[in-house]
Amino acid sequence: MNKVHVAATSPFPIGLQLSKADGVYFYDTSGRAYFDFTSGIAVNNLGHRHPAVVEAIKKQADIHLHGMVYGEFEEHPQVRLAATLCSVLPESLDTVYFCTSGGEAVEGAMKLAKRYTGRTEICYFKGSYHGSTHGALSIMGSEVYKQAYRPLLPDTRMLPYNNFEALKLITHSTAGVVVEVVQAASGVTLANEEWLRALRQRCTETDTLLIFDEIQTGYGRTGKLFAFEHYGVVPDVLLLAKAMGGGVPIGAFIAQHDVMNVLSEQPILGHINTFGGNALACAAAQATLDTFIAQPELYTTAARKAEQIIEAFTHPKLTHFTHKGLMMAAHFETKAAAYAFMRRSLENGVVLIGYLFNETAVRFAPPLTISVDQIEAACASMRR
Ligand SMILES: Cc1ncc(COP(=O)(O)O)c(C=O)c1O
C-alpha cells in the first residue's frame, strides 16, 4: 500500500499496518494479533468494535446520518444521549453541548468562560495537554510544542500543578481555570486531593469557572466513570471526548443551563459547528454510555487489574509506575530504555506508546475489558 499521500506528524510512527481490530487486539495485514495497550490513546475503553456500539451504529445508519447543523433540529439521538449523560452527572451539570473532538470541547469551554464571566484570562497548569488547536495550544503546559506557533491567545497564565500558593494568582480577572484531574501527557500525574478542593474553593471565591478536562480520564479509565468522583469535587464545566463515542468521533462540554445559555444570545450562535451531535456519533456514544451504566464492573475492576499488571511486569530498567486505575505510566531510567522497551514489545506483539511530555514514561492503558488471562499473556510478552 502506498501511504505517501497521507500527512505524517512524526518521522518515526509506529507503522503497524492495521487490517482489523477486535476487543483488545490489533491485527496487521499478515493476520498477526497484537495486544493494544494504548486503547487508541484512551478511546477504546470498551475494546475495539464492542458489539453494542457496532449494533447501534448499524441501526442508526438505517434511520438517518447527518440531519442538520448542531442545535437547529431536535434530533432524537442527541436528546437521548444528553439526558442519559446528565443522569450520571451531578445535578449542576445539566446541559450538554456536543462537538466532534476534545480540542473543540476545550475551545468551546474557553469561549464559554469568557462570555459568562465577561473576563478574558484563562489559567492552566504546567504539564497539561488540552489539544492542538490554537486555543488549546495556548493553554498547553509545555513550551516545546508551542513555541513554533506563537503568537498564541493572549491573557493565558500557566500555574504550577498541585501548588497551593499559586492558587492566589486566580483572581476576579480570571474567566476560567482548565485542569486535568489526572494529568496524562506529563506521564500520569495525580492531582493532590486537598489541592483540588482548594482550587474549587478559590474558583468559587473569585466567580471563576472551574473546567475539568476529563477527555482522557472520562468513562472509567481511572476506576470511576469520571475521575472527579474520586475527589468529591464538582466542576462548573466538564469536558469529554475520546472514549465517549466507543471509537467514533464525538466530544462534549457540559455545564449548567444558565451558564451554557450565554452562547445562544448577544450575539446568537456563540459557538457553532456542523457535525456536533451527529446522529451516528450520538448512537455510538449512547451504546457506549449505556454499556458502562449497565456494567460498572468495567471500571470498578480497573484498580485491581492495574495491580495485576504492576505485579506481573518487572524490568531491570523500570523504576516505578504512576497510575490511577488503568491510566498507567511505566517510568524507565532513561529515554533510550523506554524507547527500546516499546520497540521490543511491538516485536513481541504488544503495542505501546509514550507520553507527549515525558520521554522516560511508557503508556500502559489497555481497554478496560481486558481479562485477567489477557493481562498475564500481554505481560509475559513484554517481559520477553
Ligand atoms: C486531556 C486531553 N485533553 C484534550 C485532548 C484533545 O483531544 P483531541 O485530540 O480529540 O482534540 C486530549 C487528546 O489527547 C487529551 O488527552
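Residues numbered from 1 in each chain as written. Predicted model: local features only at pLDDT ≥ 70, side-chain atom pairs only at ≥ 80, totals over all residues. Heavy atoms only, no water.

Q: Could you give me a rundown of the pairing of strand β11 (residues 237-240), with the residues and numbers involved?
A: Along any regular strand, the residues point their side chains to alternate faces of the sheet. Burial of β11 is two-sided: the residues V237 and L239 facing one way and the residues L238 and L240 facing the other way are all buried. Here three bridges tie strand β10 (residues 209-213) to β11, and the two strands are oriented parallel to one another. The partner of D213 across the bridge, within β11, is L239. (Buried < 20%, exposed > 50% of the residue type's maximum accessible area, 1.4 Å probe, protein only. Helix = DSSP H or I, 4+ residues; strand = E, 2+ residues; numbered from the N terminus. Pairing = 2+ DSSP bridges.)

Q: So what's going on with the site of the ligand? Residues and values would help.
A: For the ligand, the full set of nearby residues is S101, G102, G103, Y129, H130, G131, E180, D213, I215, Q216 and K242. G103 is positioned such that a nitrogen or oxygen atom in its backbone is 2.7 Å from an oxygen atom of the ligand. Q216 places a side-chain nitrogen or oxygen 2.6 Å from an oxygen atom of the ligand. Burial of the ligand by the surrounding chains reaches 80%, relative to a free accessible area of 390 Å². (Near = heavy atom within 4 Å. Polar contact = N/O pair within 3.5 Å; in protein donor to acceptor, adjacent residues only side chain to side chain. Areas by Shrake-Rupley, 256 points an atom, 1.4 Å probe, with all protein chains shown as cover.)

Q: Could you give me a rundown of unusual backbone geometry, with the residues and numbers involved?
A: With an omega of 5°, the peptide bond between R150 and P151 qualifies as cis. Within the element layout of this structure, P151 appears in the loop between α5 (134-138) and β6 (156-159). Cis peptide bonds are those with omega within 30 degrees of zero, and the linkage from Q266 to P267 qualifies with -5°. Here P267 lies in the loop between α7 (257-260) and α8 (279-294). Notably, Y219 is not glycine yet its phi reads approximately 60°, a positive angle. Relative to the helices and strands, Y219 is located in the loop between β10 and β11.

Q: Quick rundown of the packing of helix α3 (residues 76-87) against α8? Include the residues and the values.
A: Two elements in contact, α3 and α8, have axes separated by 9 Å at closest approach and are oriented at 30°. The angle between α3 and α8 places the two elements in the roughly parallel class. When you trace α3 past α8, the crossing you get is left-handed. Every residue of α8 that contacts α3 at P77, Q78, R80, L81, T84 and L85 is listed here: A279, C282, A283, A285, Q286, L289, D290 and I293. For the contact of α3 with α8, a count of residues per class yields nine nonpolar, three polar and two charged. (Axes fitted to C-alpha atoms, helices over the stretch in contact; angles between N-to-C directions. Parallel < 35°, antiparallel > 145°, perpendicular 65-115°, else oblique. Left-handed = near helix turned anticlockwise from the far one by under 90°. Contact = heavy atoms within 4.5 Å. Nonpolar A, V, L, I, M, F, W, Y, C, P; charged D, E, K, R; others polar.)

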